[in-house]
Every structure is written in C-alpha cells, then in structure tokens.
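Single-letter residue listing:
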Amino acid sequence: MLALACRTILRPLTVLGGDVYLRRKLEPVDFGVYAIVQFALAVFMQFGDVGLASALIRQPTLPTRRQLSSAWILQMLVALAITTLMWVGAPTLREIWPDMSPRGVWVLRALSIDLVLSSARLVPSLLMERELEYGKLAVLDVLLNGAYYVTAVGLAFTGHGVMSLAFAVIVRGTFGVIGAFVLRPFRPALVLDMELLRPIMHFGVRFQAKNLIGFLSSAIAPVYAGRALGQSQLGFINLGQSTAYFPLK
C-alpha cells in the first residue's frame, strides 16, 4: 500500500511538472500530431497484445521457464512484425489525416520502436506482479516517467518540437527494459512451444476483448476531431482532457 501510494503521488507530480513546461514550449499542433500518432500506434497494439501477461499472472500454478520463454519469444515476434508493418505503412497516415506534416510519419515510426521495447520487458514485469513486488513496480514506474520527462523537456528546450515526445518514448522504453531485468532478472530460452501457449492464449484473447471496448470509445477524438477540426484543435482537446483528469488523480 505504501509503495503504491508513493507511486500515485510521485507519478502525477512528475507528469504535471513536465506537462506544464511542454505545453508552454511546444505548439498545440505538436500535441495534435502526437495524439493522432498515439492512436494509430494503439490500433496496432490492440492486435499485437494477445493477453499473455494477464493469463500468466492469473495462472494458479507457477509458470515454468519454458512457458515464460515461449510467451516472450511469441510476443517479441508479434511486436517485430507489427513494427515492421508500421514502418512500411506509416505514410498512409497522411491519406487519413491530409493536413498532417511529414514529421508525423517519422513520429509514428519512432513510437513503433516502443512496441518492441514494451514487449521485451513482458516477463520480468508479469513476474513482479505475480510475486506482489509492488515496491519494485513502483520504482520502475517512477523511473520510466522521470526518464520520459527529462528527455522530452531537454529536447523541447533545444527546439526539437514534436520529435521531443517521440524520442522521449524510446528513452523511456529503453530504461524500462533495463530496469525490469535488473529488478527481476530472467534469462529467456530460445524456445517457442505453441502447445503450452494455446490454453494461455485462449484466456488472454478473451480477456483482451474487454480492453478493445474501452479503446473504441476513446477513438472518437483522434479519428473524428483530428480530421474534421485539424491538428491544432485536437491538441487543445487533448490538453483539456488531460488537465481535467489530473485533479481526479
């Protein structure tokens, strides 16, 4: 409880401090581009997440190394495939949102790398949750937020615009992989046993369907507002939503 309470206090304060500076330093259109790209990335992530972590966390018996390694290999293969698809298909963003600048394509490509980095820390993170290591999870969470905002603020200060947010995501993901494996060491074996994964995936896919419903409801702003109102107006909408949510935290 203490670890989670500290995380709940420190994380929003870090977010508030970083966001205040970034909102003043960057243009509204930058946050509009970022919101659209995040949505495009989230679409692919919905299909890339087969719920392996959730299934292994709730599994009554302790997952074997073969199970964990197979899950890690499968998730990495899916993440690499989706990242490759996003790099190739990134230019289609400008067909859906015609007023998007060419930088938006590179923002999507940069953010797609985070999908691979997030998948890489799958096993250490789920093991910490299974073992109720919330102190370590809280440390990791605060570290990731700190890495993101230090990088974003530094790059924004030097005039990198919306790419500040994209590069900050990559730095955060890199710290996440290193931190997760340091806090909960795990050495995956090069094995992919689909027989072991099949019952896990059966639960995971059904569990993931719940997240898809929430995702669809949040898609209205980037899909409709980004196209009908423009990226600057979407940036203001994004700012209003995040600012209104902060006091609730």
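Each remark here, short or long, concerns the structure printed above.
What comes next concerns the included structure. Note that the coordinates shown come from a computational prediction; the quantities given were computed from them, not determined experimentally. (Residues numbered from 1 in each chain as written. Predicted model: local features only at pLDDT ≥ 70, side-chain atom pairs only at ≥ 80, totals over all residues. Heavy atoms only, no water.)

The subject of this paragraph is the overall build of the protein chain. Regarding its fold elements, the protein chain presents twelve helices and zero strands. Along the protein chain, helices (α) and strands (β) appear in the sequence α-α-α-α-α-α-α-α-α-α-α-α when read from the amino end. Partitioning the intrachain contacts of the protein chain with sequence separation of at least 6 by distance along the chain shows that 84% fall at a separation of at least 24. Of the roughly 13,100 Å² of accessible surface on the protein chain, 69% is carried by carbon and sulfur atoms. (Helix = DSSP H or I, 4+ residues; strand = E, 2+ residues; numbered from the N terminus. Contact = heavy atoms within 4.5 Å. Areas by Shrake-Rupley, 256 points an atom, 1.4 Å probe, with all protein chains shown as cover.)

Helix-helix packing: each pair is described by the crossing angle between the helix axes and the interaxial distance. One can describe the packing of helix α6 (residues 103-120) onto helix α9 (residues 163-183) by two numbers: an axis separation of 9 Å at closest approach and a directional angle of 10°. Between α6 and α9, the angle falls in the class roughly parallel. Along the contact surface, α6 presents R103, W106, V107, A110, L111, I113, D114, L117 and A120, while α9 presents M163, A166, V169, I170, R172, G173, T174, V177 and F181. Across the contact of α6 with α9, the residue classes break down as 13 nonpolar, two polar and three charged. (Axes fitted to C-alpha atoms, helices over the stretch in contact; angles between N-to-C directions. Parallel < 35°, antiparallel > 145°, perpendicular 65-115°, else oblique. Nonpolar A, V, L, I, M, F, W, Y, C, P; charged D, E, K, R; others polar.)

Let us look at the environment of S232. Here S232 lies in helix α12 (residues 231-245). S232 gets classed as partly exposed once you look at its relative accessible area, which sits at 32%. Here the alpha-carbon distance between S232 and P28, two residues 204 residues apart in the chain, equals 5.0 Å. Those residues in contact with S232 that sit more than four places away from it in its chain are P28 and V29. (Buried < 20%, exposed > 50% of the residue type's maximum accessible area, 1.4 Å probe, protein only.)

With that settled, the discussion passes to the packing of aromatic side chains. On inspection of all chains with the given rule, the structure shows two aromatic pairs. Ring geometry for Y148 and Y149: centres 4.8 Å apart, planes at 90°, overall edge-to-face. Judged on exposure class, the residue Y148 and its partner Y149 are both buried. Here the guanidinium or amino end of R109 rests over the ring plane of W106, the centre of that ring lying 4.7 Å away. (Phe/Tyr/Trp six-rings, centres within 6.5 Å; stacked < 30°, edge-to-face > 60°. Lys NZ or Arg CZ within 6 Å of the ring centre and 35° of its normal.)

Attention shifts here to the nonpolar core. Core analysis: the biggest nonpolar cluster contains 54 residues, and L22, Y34, V37, V107 and L165 have the highest contact counts within it. Within the residue set of this core, elements represented by two or more residues are α2 (28-48), α3 (52-58), α4 (65-89), α6, α7 (122-130), α8 (134-157), α9 and α10 (194-217). Beyond its immediate sequence surroundings of up to four residues, L22 is in contact with F31, Y149, A152, V153, A156 and L165. M128, L137, L140 and A180 belong to the second largest nonpolar core, which has five residues in total. (Core = buried A, V, L, I, M, F, W, Y, C linked by side-chain atoms within 4.5 Å.)

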